[in-house]
Amino acid sequence: MTDPLLLIDTADGVRTIRVNRPDKLNALNAATLDALDVAFADAAADAAVRVVVLTGSGPKAFVAGADIAEMNALTPVQGRDFSLRGTRMMRRVETLPKPVIAMVNGFALGGGLELAMCCHLRIAADSAKVGQPEINLGLIPGFGGTQRLLRLCGRAATLELCLTGAPISAERALQLGIVNRVVPAADLEAETMRLATQLAAAAPLALRGMLDCVNIGGECGIGEGLEYESAQFGLVFSTDDMREGTAAFLEKRKPAFSGR
């Protein structure tokens, strides 16, 4: 029997998805991309799941990149299809209607950094390293690295990381805006789960509205983005959670959100 490609568990509204190829530093092959696509589709459809945490197995890597051994034999058409396969999966993560937190426990290089960047939030161990080293293989990023880096940290930093291929520390990634937080490696899981638990207790439909506003607004002009936000703002007035949240505030008690 072979080990499963992903380890998945759910507790208190938080689903943890762990890439489970530690002997390959959790490298992304086609089968793993497909398994992640299914896992995130399942998380989106499961009402018991309010937040997803994504990480890697073993002490060394979040995901150290795409599977070079698999890519080495690909034809140009197969290479394009492999890129599209990963891009579709990561776009699913990016547009998931529930918050996704990347718990970056080690190397996040190439496809691994691309996978982390499609998550909504990123918490990194102080020992983690991130980068886009494809240039060293005669390649370019193929799962959205150039585009998401550009949106996270701007043109100069994107060109530096992609053109040199040099990995950077978690602290440097924090300075550039690639990760949201850096914590001691020993505290990474506890800090990530603390944030996940906080988000799992929040109003799910309001979280979804904010995720939608940022996704839509980030790709359109300010006028269209403001119009979309106003529409979403009005929409949440139809929810039980909005009534519960405002009533709890007025009554000076903790709200109990139902996701309705």
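Residue indices follow the written sequence of each chain, beginning from 1 at its first position. Confidence filtering applies because this is a predicted model: local features only for residues at pLDDT of at least 70, side-chain atom pairs given and counted only at 80 or more, and all residues used for totals across whole chains, interfaces and linings. Side-chain calculation: all heavy atoms of the structure are included, whereas hydrogens and water are not.

Caption draft 1: Expanded view of the sheet that holds strand 9 (residues 168-169). For two strands to be treated as a pair, DSSP must find no fewer than two bridges joining them. Helix and strand definitions here come from DSSP, where helices need a minimum of 4 consecutive H or I residues and strands a minimum of 2 consecutive E residues; each element is numbered from the N-terminal end. Here we have four strands laid out as an open sheet, ordered 4-6-8-9, and mixed in their pairing. Whereas interior strands pair on both sides, the edge strands pair on one side only; in this sheet they are strand 4 (61-63) and strand 9. Two elements, strand 8 (residues 129-131) and strand 9, share two bridges in a ladder whose sense is antiparallel. Along strand 9, the bridge assignment pairs Val130 with Ile168.

Caption draft 2: How the structure looks around unusual backbone geometry. One non-glycine residue, Asn26, adopts positive backbone phi at about 60°. Mapping Asn26 onto the fold places it in the loop between strand 2 (14-19) and helix 1 (30-45).

Caption draft 3: Structural view of the nonpolar core. The definition of a nonpolar core used throughout is a set of buried Ala, Val, Leu, Ile, Met, Phe, Trp, Tyr and Cys residues joined through side-chain atoms within 4.5 Å. Here the term buried applies to any residue with accessible area under 20% of the maximum for its type, exposed to any over 50%, and partly exposed to those in between, with areas from a 1.4 Å probe on protein chains only. Membership of the largest hydrophobic core comes to 47 residues, with the highest contact counts inside it found for Leu36, Phe40, Leu54, Phe62, Leu115 and Ile178. Among the elements that make up this core, the one with the highest residue count is helix 1 (six residues). Excluding its chain neighbours within four sequence positions, the residues that come into contact with Ile178 are Leu113, Arg122, Leu149, Leu152, Cys153, Leu161, Ile168 and Ala173. Counting residues in each nonpolar core, the second largest holds 14 residues, with Met103, Ile123, Val183 and Leu195 among its members. In what follows, residue pairs with any heavy atoms lying within 4.5 Å of each other are defined as contacts.

Caption draft 4: Summary view of the sheet that holds strand 2. With respect to topology, six strands assemble into an open sheet ordered 1-2-3-5-7-10, the strand pairing being mixed. Unpaired on one side and paired on the other, strand 1 (6-11) and strand 10 (181-183) mark the two borders of the sheet. Between one strand axis and the next, the sheet turns by 20° as a mean value, whatever way the strands run. Of the pairings in the sheet, the one linking strand 1 to strand 2 comprises six bridges and is antiparallel in character. Residue pairing in the sheet places Leu6 in a bridge with Val19 of strand 2. Of the strands in this sheet, strand 1, strand 2, strand 3 (51-56) and strand 5 (100-104) are in contact with helix 1, which crosses strand 2 at around 180°. Fitted lines through C-alpha atoms serve as axes, helices being fitted only where they are in contact, and the angles separating the N-to-C directions of these axes extend from 0 to 180 degrees.

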